[in-house]
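Okay, here's what each chain looks like letter by letter:
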Amino acid sequence: MTLLLLAGLGACDRQSPGAGQDQANSSAQVPPTSGEAMGAPQSAKGDFSYTLDRSKAGTPAPDFAFAAPDGADATLQDFAGKPVLVNLWATWCAPCVAEMPTLDAVAKAYEPKGLAVLTISQDSQGESVVKPFFAKHPLPHLKSFIDPENQFGFHYATGMLPTTVLYDRQGKEMLRVVGAMDWNSKEARDLIETALKS
């Protein structure tokens, strides 16, 4: 588990600019493998760099429990019949934090149309760090789901945060976004519209 955490930390760091680094060196992408297509880096702040991976399309959503905002157990099956956007993030991950306002905008625009947006923290400290994060950042349309055991991280096995997986209404994976995406972009909105039509 320690090795996975270190790998995840390193992957997140590859996306966030280090002190004194210029923008050209601020992010590194994992080379695409079979079923993957590179996403164009976004220009907003240099924080958005991602890969689209469709190699797991059709895979059913996992069924393990995680903590809902009220502390009760939740599963992805609780959202059956809706397309679901699952975003794995952590408070210590700079690209994750940069992506959160764009996910909040997606939740505002698309939850009324039936999309479930789940931001699931992979922080091992759980609520003790996630609750203050949400208190500090204005993200009124997002809820704080927590997975302190990193079940999702192990299941998706991308080795990087953020990782976002989009499921159709039947609970089947459509694609995953490995890295931070600007969810206000046309590409992102097109992906969501496709999920809504599933």
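Per chain, the residues get numbers from 1 upward, laid out in the order the sequence is written. Local features in a predicted model are, by the rule used here, given only for residues with pLDDT of at least 70; side-chain atom pairs are given and counted only at 80 or more, and totals for whole chains, interfaces and linings are based on all residues. With hydrogens and water set aside, each side-chain value is computed from the structure's full complement of heavy atoms.

Concerning the pairing of strand β5 (residues 84-89)
Burial within β5 is extensive, with 6 of its 6 residues counted as buried. Of the two faces of β5, both are covered, the one formed by Val84, Val86 and Leu88 as well as the one formed by Leu85, Asn87 and Trp89. Two elements, β5 and strand β6 (residues 116-121), share 6 bridges in a ladder whose sense is parallel. Looking at β6, one finds that Leu85 is bridged to Val117. Taken together, β5, helix α2 (residues 94-110) and β6 form a β-α-β motif whose crossover is right-handed. Categorising residues by exposure relies on relative accessible area from a 1.4 Å probe, with only protein chains included: less than 20% of the type maximum marks a residue as buried, more than 50% marks it as exposed, and the intermediate range marks it as partly exposed. The helix count covers DSSP runs of H or I at least four residues long, the strand count covers runs of E at least two residues long, and both are numbered beginning at the N terminus. At least two bridges found by DSSP between two strands are what make those strands a pair. Crossover handedness is defined by viewing with both strands directed away from the observer: a clockwise path from the first strand over the helix to the second marks the crossover as right-handed.

Section: the packing of aromatic side chains
Stacked, edge-to-face and tilted are the three classes for Phe, Tyr and Trp ring pairs, Trp counted by its six-membered ring, which pair at centre distances within 6.5 Å; planes under 30 degrees apart are stacked, over 60 edge-to-face, the rest tilted. Scanning the entire structure with this criterion turns up 8 aromatic pairs. With 5.8 Å between their ring centres and 65° between their planes, Phe66 and Phe145 make a pair best called edge-to-face. In this pair, Phe66 sits in strand β3 (residues 66-67) while Phe145 sits in strand β7 (residues 144-146), placing the two residues 79 residues apart along the sequence. Each member of the pair Phe66 and Phe145 is classed as buried. Joined through ring pairs, the aromatic side chains of Phe64, Phe66, Phe79, Phe145, Phe152 and Tyr156 make up one cluster.

Overview of the packing of α2 against helix α5 (residues 186-196)
Note on geometry: axes are lines fitted to C-alpha atoms, helical ones only across the stretch in contact, with angles between N-to-C directions running from 0 to 180 degrees. Contact geometry of α2 with α5 gives a least axis separation of 12 Å together with a crossing angle of 40°. The two elements α2 and α5 cross, and the hand of that crossing is right-handed. In this structure, α2 contributes Ala105, Val106, Ala109 and Tyr110 to the contact, and α5 contributes Arg189, Ile192, Glu193 and Leu196. In the contact of α2 with α5, the residues fall into 6 nonpolar, no polar and 2 charged. A crossing counts as left-handed when the near helix is turned anticlockwise from the far one by less than a right angle, and as right-handed when that turn is clockwise. We call two residues contacting when some pair of their heavy atoms lies within 4.5 Å. For this classification, the nonpolar set comprises Ala, Val, Leu, Ile, Met, Phe, Trp, Tyr, Cys and Pro, the charged set comprises Asp, Glu, Lys and Arg, and every other residue, Gly included, is treated as polar.

Focus: the pairing of strand β2 (residues 49-53)
It is a general feature of regular strands that their side chains alternate between the two faces of the sheet. Burial analysis of β2 places 5 of its 5 residues in the buried class, which makes it a mostly covered element. Alternating residues of β2 divide into Ser49, Thr51 and Asp53 and Tyr50 and Leu52, and every residue in both groups is buried. Where β2 lies against strand β9 (residues 173-180), 5 bridges are found, and the strand directions are antiparallel. Directly across from Thr51, in β9, lies its bridge partner Val178.

Here we look at α2
If you check α2, its first and last C-alpha atoms are 25 Å apart, about what 17 residues at 1.5 Å a residue would give, namely 24 Å. The seven residues ending at a residue and the seven starting there each receive a fitted axis; the angle between those axes is the bend at that residue. The largest bend in α2 comes to about 35°, at Met100, with the proline Pro101 one to four residues further on. Of all the positions in α2, only Pro95, Cys96, Glu99, Met100, Thr102, Leu103, Asp104, Val106, Ala107 and Tyr110 are classed as buried. Expected span of a helix: the number of residues minus one, times 1.5 Å.

Considerations on the nonpolar core
Nonpolar cores are built from buried Ala, Val, Leu, Ile, Met, Phe, Trp, Tyr and Cys residues. Side-chain atoms within 4.5 Å join them into one set. With 50 residues, the main nonpolar core has Leu76, Val86, Leu115, Leu118, Phe152 and Trp183 as its most contacted residues. Top element by residues in this core is α2. It accounts for 6 residues. Residues contacting Leu115, with those up to four places away along its chain left out, are Pro83, Val84, Leu85, Val106, Tyr110, Leu166, Ile192 and Leu196.

A closer look at the pattern of salt bridges
Salt bridge criterion: a side-chain nitrogen from Lys or Arg within 4 Å of a carboxyl oxygen from Asp or Glu. Within this structure, the stated rule accounts for 2 salt bridges. Across the salt bridge formed by Arg176 and Glu173, the nearest N and O atoms sit 2.9 Å from each other. Per residue, the accessibility class of Arg176 equals that of Glu173, and both read buried. Among the ionic pairs, Asp190 bridges to Lys186, the shortest N-O distance being 2.7 Å. Of the two residues, Asp190 and Lys186 are both situated in helix α5; the distance of 4 residues between them amounts to about one turn of the helix. Judged by its relative accessible area of 62%, Lys186 is exposed.

Notes on the confidence of the model for the protein chain
Atomic detail in the predicted coordinates should be set aside for any region of low pLDDT. The predictor attaches a confidence to each residue, called pLDDT, with possible values from 0 through 100. Confidence in the prediction for the protein chain averages 82 pLDDT; 76% of positions are at 70 or higher. The low-confidence segment residues 1-10 (pLDDT under 50) makes 8 contacts with residues lying over four places distant or belonging to another chain. Confidence drops under pLDDT 50 across residues 13-45; counting only partners more than four residues distant or on other chains, this segment forms 57 contacts.

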